[in-house]
Amino acid sequence: MSKESRMKATVNQKLTEMGERERLKELLRAKLTECGWKDQMKAHCKEVIKEKGLEQITVEDLVVEVTPKGRALVPDSVKKELLHRIRTFLSQHGT
């Protein structure tokens, strides 16, 4: 396991143990709903299903198809806020 992988695992474990991971997930859900991301993704999913045909697409196929656009549509302000929260948490809890 690389040093980076170990560090990610340690950070994830600390976030999970202290309940911060769940708080960050809730914040992310709220921010994505607030900025309209959820509605955009819902519309995109409907487009893809209509294009491919309901009987021709699996959930896995849909996820693969919409994930790149979903990531791209997350506003930079939301990414920055989450990163700031994680950094603050880590500085307060010494990882």
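What you see is a predicted model; the values in this text were computed from it and never measured. (Residues numbered from 1 in each chain as written. Predicted model: local features only at pLDDT ≥ 70, side-chain atom pairs only at ≥ 80, totals over all residues. Heavy atoms only, no water.)

(A) Looking closely at the pattern of salt bridges. Evaluation of the coordinates by the stated rule reveals seven salt bridges. Here Arg85 makes a salt bridge to Glu81, at a shortest N to O gap of 3.7 Å. Of the two residues, Arg85 and Glu81 are both situated in helix α5 (residues 76–93); the distance of four residues between them amounts to about one turn of the helix. (Salt bridge = Lys/Arg side-chain N within 4 Å of Asp/Glu carboxyl O. Helix = DSSP H or I, 4+ residues; strand = E, 2+ residues; numbered from the N terminus.)

(B) Representation of the side chain of Glu20 in the model. For Glu20, the location among the structural elements is in helix α2 (residues 20–34). Within the structure, the side chain of Glu20 is placed 2.9 Å from the side chain of Arg23, a separation counted as a polar contact. Ignoring any residue separated from it by four or fewer positions in sequence, one finds Glu20 in contact with Leu15 and Phe89. (Polar contact = N/O pair within 3.5 Å; in protein donor to acceptor, adjacent residues only side chain to side chain. Contact = heavy atoms within 4.5 Å.)

(C) Structural detail: the packing of helix α3 (residues 37–52) against helix α4 (residues 59–73). At a minimum axis distance of 10 Å, the contact between α3 and α4 shows a crossing angle of 150°. Pair α3 / α4 crosses with right-handed handedness. Side by side, α3 and α4 meet where Trp37, Gln40, Met41, His44, Cys45, Val48, Ile49 and Lys52 of the first sit next to Leu62, Glu65, Val66, Lys69, Gly70 and Leu73 of the second. In terms of residue class, the contact of α3 with α4 is built from eight nonpolar, three polar and three charged. (Axes fitted to C-alpha atoms, helices over the stretch in contact; angles between N-to-C directions. Left-handed = near helix turned anticlockwise from the far one by under 90°. Nonpolar A, V, L, I, M, F, W, Y, C, P; charged D, E, K, R; others polar.)

(D) Main features of helix α1 (residues 3–17). Compared with the 21 Å implied by 1.5 Å per residue over 15 residues, the 21 Å span of α1 between its first and last C-alpha is a close match. The positive-phi residue at the C-terminal boundary of α1 is Gly19, with phi of around 80°. (Expected span 1.5 Å × (residues − 1).)

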